[in-house]
Structure formats: structure tokens, C-alpha cells
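# A closer look at the structure
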Amino acid sequence: MAKMTLMPPKPGVCQECAVDHHPALPHNKDSLYYQYYFHGKHGRWPTWKDALAHCNEEVQKKWENVLKEKGVDIE
Ligand SMILES: [Zn+2]
């Protein structure tokens with residue numbers, strides 16, 4: 001199977017998920033770029049926990065609560 005090659009994200013957006021978000025906030029787990037980037041690096045698809053991994057505890061808790069309220073699986 002051919003290895004998927006990703007075009008680098010345009011400058012000024014997050015270089016991991018190609019979305020314009022604050023560095024302290026989670027990556028967009030639903031970004032196709034992020035999914036392929038993460039899969040290329042870790043050999044599995046990302047979860048919200050992965051998208052939140054670089055955030056501080058407060059941000060993680062807040063997002064986990066919001067996602068849980070929406071009934072979204074975070075792991
Ligand atoms: Zn990001």
C-alpha cells in the first residue's frame with residue numbers, strides 16, 4: 001500500500017491538525033489532516049484524549065466535560 005503523503009499545512013495554522021486554533025486548545029480531532037498526521041506518527045487513529053494531550057489539566061477537564069455532555073467518546 002502506498003504511504004499517504006501529506007502536504008504541510010499552510011503557515012499560521014496548527015502544524016499538527018492544520019486548523020487555526022490557539023496552541024493551548026486541543027487539536028481538531030475531526031480534521032482529516034490531524035487524523036492522517038497522527039496515524040502516520042502513531043500507527044493508530046487519534047482519540048479526543050490524544051487531541052487534548054498537550055493541553056493543561058484545566059483545559060482537558062473542561063473539554064472532557066463538554067464532550068461527555070455531548071455524548072462523545074473521548075478514548
Ligand atoms: Zn492543532
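Scoring rules and cut-offs
Residues numbered from 1 in each chain as written. Predicted model: local features only at pLDDT ≥ 70, side-chain atom pairs only at ≥ 80, totals over all residues. Helix = DSSP H or I, 4+ residues; strand = E, 2+ residues; numbered from the N terminus. Contact = placed C-beta atoms within 7 Å. Expected span 1.5 Å × (residues − 1). Buried ≥ 20, exposed ≤ 12 C-beta atoms within 10 Å, placed from the backbone. Core = buried A, V, L, I, M, F, W, Y, C linked by C-beta atoms within 7 Å. Arc of directions from axis to C-beta.

Moving on, we get to the overall build of the protein chain. Within the protein chain one finds three helices and zero strands. The helix and strand sequence of the protein chain, counted from the amino end, reads α-α-α. Across its three principal directions, the C-alpha atoms of the protein chain cover 40 × 30 × 20 Å. Taking contacts inside the protein chain between residues at least 6 apart in sequence as the whole, the part at least 24 apart equals 36%.

With that out of the way, let us pick up helix α3 (residues 57-69). Between the first and last C-alpha of α3 there are 18 Å, a value that for 13 residues agrees with the 18 Å anticipated at 1.5 Å per step. Across the 13 residues that make up α3, only a small minority, zero, are buried.

In this section: the nonpolar core. Formed by C17, A18, Y33, Y34, Y37 and F38, the largest nonpolar core amounts to six residues. Those residues in contact with F38 that lie beyond four places of it in its chain are W45, P46 and D50.

Time to look at helix α1 (residues 32-42). Along α1, the residues that are buried comprise Y33, Y34, Y37 and F38. End-on view of α1: buried residues confined to an arc of 120°, all on one side of the axis. Away from the buried face of α1 by more than 90 degrees, exposed residues L32 and G40 are located. Residues of α1 that are buried make contact with α2 (48-52). Downstream of α1 by one or two residues, G43 has phi in the positive range, about 75°.

With that settled, consider the environment of C17. Among the secondary structure elements, C17 is positioned in the segment before α1. Note on C17: 23 C-beta atoms within 10 Å, which makes it buried. Considering only alpha carbons, one finds C17 and D30, 13 residues apart in sequence, at a separation of 9.0 Å.

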